[in-house]
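Survey of secondary and tertiary structure
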Amino acid sequence: MAENELAEQLIDLTGKVAIVTGAGAGIGREIARWLARAGCDVAINDLDEERTARGVAAVVAEGRRGLAVVADVRESGAVESMIARTISGLGRLDIAVNNVGLMGDAPQAHFTDLVAEDVRSVVDRNLVATILCCVAEAKALKEQGEGGVILNVSSGESTRPALRLAAYGAAKAGINHLTQTMATELGPDGIRVLSIAPGTTLTETVRPVFDDEHVERVIESLPLRRMTEPEELGRMAVFLASDLARCITGQFILADAGAWLSRTRPPIGDADVRP
Ligand SMILES: NC(=O)c1ccc[n+]([C@@H]2O[C@H](COP(=O)([O-])OP(=O)(O)OC[C@H]3O[C@@H](n4cnc5c(N)ncnc54)[C@H](O)[C@@H]3O)[C@@H](O)[C@H]2O)c1
């Protein structure tokens, strides 16, 4: 058997329907592209209409159906309608990737400079949005009765002190914990739940936050001497969503070029940078 025939047999998501939140750009768009490449039809969620259309185009370019589901995933009504539109538009739901996150509009601050409004914005965008999506997705998967996979995008910052990103690190650690609880509760329904934890990934949102010198220092601190690429998270999502990973649930999987091993990511400087 040729090697690629074996790969096709092992990873074939044809006939499956996925939804990816925040899929108009960055990591989410790559995850959507790779799920489509593996055979899925994909609903693309984003806040921004133009970005959503770009995400849909990436799926269609892989020869699959893409559906735009514009919604603010911090709002429960919008999330419920997003899942309902996905099922009515693409026929079912099998794989959900909750990717919306990042540091919101909050500046990176020393712990004692944290203010309530910024903390709420970060926790809302990362943890609250993920929980709301998970509830709606889990309900839909249970109702369908054929199992499924939910992937929550966490962060390497959830595994170590997150200097100047305390609320973000705490929210992402909350996602890891949520994943464990959900995996336990939903396992008997054949629903697997996992967290994907990227290391620093230079998406269009994150790249402007760092100057070249900081990028070099981060790379130097990583065992692999390279950063994670958005498309590598797409490949990982395909693996975790496929039957190759069918006995894995409740875990968070780091894709951080070894950052966790060195645990020495240089802190982001004092500059008033915004992600
Ligand atoms: N890039 C990194 O270095 C890095 C590292 C670790 C974890 N992560 C996590 O990966 C995920 C994606 O990061 P990214 O760098 O690709 O982000 P990004 O900013 O490039 O893309 C996020 C997308 O989400 C959309 N979005 C934002 N708020 C939304 C909302 N409320 N409802 C719907 N859509 C919304 C944005 O419009 C954008 O298109 C985030 O959860 C982030 O925390 C990123």
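Residues numbered from 1 in each chain as written. Predicted model: local features only at pLDDT ≥ 70, side-chain atom pairs only at ≥ 80, totals over all residues. Heavy atoms only, no water.

**Side note on the site of the ligand**
Inclusion rule: To be near a molecule or strand, a residue needs just one of its heavy atoms within 4 Å of it. Polar contact is the term for a pair of N or O atoms within 3.5 Å; when the atoms are in protein, one must be able to donate a hydrogen and the other to accept it, and sequence-neighboring residues count only if both atoms are side-chain atoms. All accessible areas in this document rest on Shrake-Rupley with a 1.4 Å probe, and a residue is counted as covered only by the protein chains that are shown. Helix and strand labels come from DSSP, where a helix needs a run of H or I of at least four residues and a strand needs a run of E of at least two; each type is numbered from the N terminus.
Lining the immediate surroundings of the ligand are 30 residues, of which Asp-46, Arg-51, Tyr-168, Thr-203 and Thr-205 lie closest. With respect to the ligand, the side chain of Arg-74 contributes an N or O atom lying 3.5 Å from a nitrogen atom. In isolation the ligand has 840 Å² of accessible area, and contact with the protein removes 94% of it. Looking at the shell around the ligand, the elements that each hand over two or more residues are helix H2 (26-37), helix H5 (116-144) and helix H6 (166-186).

**Quick look at the confidence of the model for the chain**
To be explicit about the condition: The quantity called pLDDT is the predictor's confidence in a given residue, expressed from 0 to 100. Working rule for contacts: check all heavy atoms of both residues, and any pair within 4.5 Å makes them a contact.
Mean pLDDT over the chain works out to 93, with 93% of the residues at or above the 70 mark. Predicted confidence is poor over residues 271-275, with pLDDT under 50, and the contacts of this stretch with residues over four places away or in other chains come to 14 contacts.

**Regarding helix H4 (residues 76-90)**
The test is simple: One less than the residue count of a helix, multiplied by 1.5 Å, gives the span that helix is expected to have. Working definition: with a 1.4 Å probe on protein chains only, accessible area under 20% of the residue-type maximum means buried, over 50% means exposed, and in between means partly exposed. Note that the arc is computed from the directions linking the helix axis to the C-beta atoms.
Between its first and last C-alpha atoms H4 spans 21 Å; for 15 residues at 1.5 Å apiece the expected length is 21 Å, and the two agree. All of the buried residues along H4 are Val-79, Met-82, Ile-83, Thr-86 and Leu-90. Each buried residue of H4 lies within a common arc of 90° when the element is viewed along its axis, so the set occupies one face. If you follow the buried residues of H4, they end up packed against strand E1 (17-20), strand E2 (41-44), strand E3 (66-68) and H5. After H4 finishes, the residue Gly-91 shows a positive phi value of roughly 95°.

**Considering the side chain of Asp-256**
Looking at the element boundaries, Asp-256 is found in the loop between strand E7 (252-255) and helix H9 (259-262). Within polar-contact distance, the side chain of Asp-256 engages the backbone nitrogen of Trp-260 at 2.8 Å.

**A short note on empty space enclosed by the protein**
What counts here: Whether a set of points on the 1 Å grid over the protein atoms alone is a cavity depends on a 1.4 Å probe fitting there but being unable to get out, while an open set qualifies as a pocket with protein on both sides within 12 Å along at least five of seven lines; lining residues are those with an atom within 4 Å of a point. Grid points are joined across faces, edges and corners, and a volume is the space filled by probe spheres set on the points. Any residue that is not Ala, Val, Leu, Ile, Met, Phe, Trp, Tyr, Cys, Pro, Asp, Glu, Lys or Arg is counted as polar, Gly included; the first ten are nonpolar and the last four charged.
Tallied over the full model, the rule gives 3 cavities of 30 Å³ or more. Considered as a void within the structure, the largest cavity measures approximately 100 Å³ in volume. Along the walls of the largest cavity sit 14 residues, with Ala-106, Pro-107, Leu-114, Val-122 and Arg-164 positioned nearest its centre. Those elements that provide at least two residues to the lining of the largest cavity are H5 and H6. Residue classes in the lining of the largest cavity are distributed as 11 nonpolar, 1 polar and 2 charged. For the second largest cavity, the lining is made up of 11 residues, of which Gly-199, Thr-200, Leu-222, Asp-256 and Ala-259 are closest to its centre.

**A word on a nonpolar patch on the surface**
As a reminder, the rule being used: A patch is a set of surface residues, each over 30% in relative accessible area and not in a salt bridge, joined within 9 Å for like charges and within 5 Å for the nonpolar side chains Val, Leu, Ile, Met, Phe, Trp and Tyr. We count a salt bridge whenever a side-chain nitrogen from Lys or Arg sits within 4 Å of a carboxyl oxygen from Asp or Glu.
On the surface, Leu-10, Phe-239 and Leu-244 cluster together to form a nonpolar patch covering roughly 240 Å² of accessible area. Following the sequence through the fold, Leu-244 ends up in the loop between helix H8 (230-241) and E7. Taking relative accessible area as the criterion, Leu-244 reaches 40% and is therefore assigned partly exposed.

**Here we look at the layout of surface pockets**
Its boundaries defined by the atoms lining it, the largest pocket holds a volume of some 930 Å³. For the largest pocket, the lining is made up of 43 residues, of which Asn-99, Gly-101, Leu-102, Thr-203 and Thr-205 are closest to its centre. At the level of elements, H2 and H6 are the ones that each hand at least two residues to the lining of the largest pocket. With 3 residues, H2 is the largest single contributor of residues to the lining of the largest pocket. Grouping the constituent residues of the lining of the largest pocket by class yields 16 nonpolar, 15 polar and 12 charged. Approximately 260 Å³ is the volume found for the second largest pocket. Surrounding the second largest pocket, 16 residues form its lining, Lys-16, Val-149, Ala-241, Ser-242 and Asp-243 being those nearest its centre. Grouping the constituent residues of the lining of the second largest pocket by class yields 5 nonpolar, 4 polar and 7 charged.

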